[in-house]
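Fold and geometry: a report
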Amino acid sequence: MQNLTGSILVVDDNAVIRQIMKMALEQNGHHVTLAEDGREALELMHAHFFDLVLLDIVMPHMSGFDVLEHMAQIPDLANIPVIVVSSDNQIESAIRCIQLGAEDYLVKPPNQTLLRTRVNTSLRKKKLHDQELAHQAEMERLYEAIKEANAAKTEFIAMAAHELRNPIAQIATTNHLLGKVGALNKPQEGLLEKVNFSLERMQALIVDLDDISRLEAGNIRLQFAELDLAELIDKIAESFSEDVTVHQHVLAIDVPENLPPIWADYQRMIQVFTNLIGNAIKYTPDGGNINIKATYLPEHRTVHVSVTDTGLGIHPDERKQIFSKFFRSENAKVRARPGTGLGLYITKSLVEMQNGRIWFESEFGEGTQFHLMLPEASAELDPQTAEAPIEAVSLG
Ligand code: ADP
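Quick caveat, the model's predicted, so the values are computed rather than measured.

Here the focus is helix α10 (residues 266-282). Over its 17 residues, α10 runs 24 Å from end to end, which matches the ideal 24 Å to within 8%, given 1.5 Å per residue. Listed in full, the buried residues belonging to α10 are R268, M269, V272, F273, N275, L276, I277, G278, N279, A280 and I281. Looking at where α10 begins, the residue whose side-chain oxygen comes 3.0 Å from the main-chain nitrogen of Q267 is D265.

Structural data, given as structure tokens:
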């Protein structure tokens, strides 16, 4: 075992013992400081840094026990290892020293080999402990730095979303007025339509950025209520009717009328389904099928909803990242469609905030099925089951 060298304080009222230990330790390359009693030892410890203390017990003015007690109360000193070196070979003294924080116990005059080994072991332990503390401090520093950077980024996103909102609203109003102040010819109408389409995308992006900053700052308030899913899904499907027609998709809805209400936030559920159905329409080539199906699972007191499409599908390599912030597939067909990669991140966060679960299955090139589990309203209102989490269950 390689010898470690360190700065060692030897505390003993006997000058001969002090010198014997000094010589033995210096022979092994240690830097040695001597103290005649407990008081002098503590003064030295407050003024200098030591890797190890070799401490006598019975000394005038202040005993070794008192030194140990004092060291235990001062954080900077509590971490210095102490080996008690005493002529008192009573087992009670050894036990008391260990209880007071000493690391080891040697009987005087210490055997040279034993002294060298114990000192070496203590220094090694101290070095490992110091490295661990330094590592921990570094991790804490990094964690704080990341936290700060993340907070600055969230603040920036919130500020950008806020500052963009007004000019974009003004452009939208001006565009609207443009059509009113005089008749536009066909090419002008076409150009205005393009501007309006881009504006809508920017407005959607601002809403997403605003949600991201709120989610990250823990600043989203939900208004829970009983929701009729059948009605909500019909409404959202209706809002997509034009896109469905344009893309010649077939949109089928299979939601039983007697579905129990769920316990969720109405506006946020609209957002969740708008995103899932919007994606199904967007990522399905023209003429595809989109199915929305809901089933009540009484044993879990939840409602299972699936949104299935016959679209592009998700490549196995990309499945892990689907719910990550800003993730968009590398697939050129996906990239050809507008998007920010924020929708599913927000959707998942919102579903989980409403005690639900979301996951998906997909066959690349064939289609995707998103699943949602949402708590039945009476299960959430029933105090016996209110705390029970809903797990993603096998649907057979
Ligand atoms: P966006 O649609 O704005 O890109 P989302 O967060 O809603 O962002 O979706 C992230 C990515 O997940 C999409 O870019 C796409 O690659 C993939 N994706 C989502 N829904 C589907 C789907 N129904 N079919 C195929 N890929 C999908």
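Strand order in the open sheet formed by five strands is β2-β1-β3-β4-β5, with parallel pairing between adjacent strands. At either margin of the open sheet sits one strand with a lone partner, and together these are β2 (31-35) and β5 (104-107). If you compare each strand with its neighbour and ignore which way they point, the axes differ by 20 degrees on average. Bridge count between strand β1 (residues 7-11) and strand β3 (residues 52-55): four bridges; the pairing is parallel. Opposite V11, over in β3, you have L55 as the bridge partner.

So, on to the domain arrangement of the protein chain. As far as domains go, the protein chain holds domain 1 (7-110), domain 2 (138-217) and domain 3 (224-381). Centre-to-centre separation of domain 1 and domain 2, based on C-alpha positions: 68 Å.

Our focus in this paragraph is the environment of V255. Along the chain, V255 falls in the loop between β7 (250-254) and β8 (262-265). Separated by 144 residues in sequence, V255 and N111 have C-alpha atoms that sit 86 Å apart. Discounting chain neighbours no more than four positions away, the residues touching V255 are A230, I233 and A294.

A few words on the site of the ligand. By nearness alone, 20 residues border the ligand, and N279, Y283, R328, T340 and L344 come closest of all. At a separation of 2.6 Å, an oxygen atom of the ligand approaches a polar side-chain atom of R328. Between an oxygen atom of the ligand and a main-chain N or O atom of G343, the distance comes to 3.1 Å. Alone, the ligand offers 530 Å² of accessible surface; in the complex the protein occludes 97% of this. With three residues, α10 is the single largest residue contributor to the shell around the ligand. The class makeup of the residues in the shell around the ligand is eight nonpolar, nine polar and three charged.

Taken as a whole and assessed by the stated rule, the structure comprises 19 salt bridges. Between E69 and R96 there is a salt bridge, and its shortest N-O distance comes to 3.8 Å. Of this pair, E69 sits in helix α3 (residues 64-73) while R96 sits in helix α5 (residues 91-99), placing them 27 residues apart in sequence. Its relative accessible area of 35% is what places E69 among the partly exposed residues. Where E216 meets K153, a salt bridge forms, and the shortest distance between an N and an O atom there is 3.3 Å. One end of the pair, E216, is in helix α7 (residues 186-216); the other, K153, is in helix α6 (residues 112-181), and 63 residues separate them in sequence. On the basis of relative accessible area, E216 is assigned to the partly exposed category, the value being 25%. Three or more residues are tied together by salt bridges with common partners; here these are D12, D56 and K108.

The next point concerns the nonpolar core. Formed by 50 residues in total, the largest nonpolar core has its most connected members in L229, M269, F273, V305, L372 and L374. Broken down by element, the residue count for this core peaks at seven residues, all from α10. Each of domain 2 (138-217) and domain 3 (224-381) gives at least three residues to this core. What F273 contacts, discounting residues up to four positions off in sequence, is L229, L232, I233, I236, G278, V305, L372 and L374. Formed by 26 residues, the second largest nonpolar core is a distinct cluster that contains F50, I57, M71 and V84.

So, on to the packing of α7 against helix α12 (residues 343-353). Two elements in contact, α7 and α12, have axes whose closest approach is 10 Å; the angle formed by their N-to-C orientations is 45 degrees. Here α12 runs oblique to α7, going by the angle between their axes. Where α7 crosses over α12, the handedness of that crossing is left-handed. Judged by residue contacts, D208, D211, I212, L215 and E216 of α7 engage G343, Y345, I346, S349 and M353 from α12.

Cut-offs and rules
Residues numbered from 1 in each chain as written. Predicted model: local features only at pLDDT ≥ 70, side-chain atom pairs only at ≥ 80, totals over all residues. Heavy atoms only, no water. Helix = DSSP H or I, 4+ residues; strand = E, 2+ residues; numbered from the N terminus. Expected span 1.5 Å × (residues − 1). Buried < 20%, exposed > 50% of the residue type's maximum accessible area, 1.4 Å probe, protein only. Polar contact = N/O pair within 3.5 Å; in protein donor to acceptor, adjacent residues only side chain to side chain. Pairing = 2+ DSSP bridges. Axes fitted to C-alpha atoms, helices over the stretch in contact; angles between N-to-C directions. Domains from an automatic or database assignment. Contact = heavy atoms within 4.5 Å. Near = heavy atom within 4 Å. Areas by Shrake-Rupley, 256 points an atom, 1.4 Å probe, with all protein chains shown as cover. Nonpolar A, V, L, I, M, F, W, Y, C, P; charged D, E, K, R; others polar. Salt bridge = Lys/Arg side-chain N within 4 Å of Asp/Glu carboxyl O. Core = buried A, V, L, I, M, F, W, Y, C linked by side-chain atoms within 4.5 Å. Parallel < 35°, antiparallel > 145°, perpendicular 65-115°, else oblique. Left-handed = near helix turned anticlockwise from the far one by under 90°.

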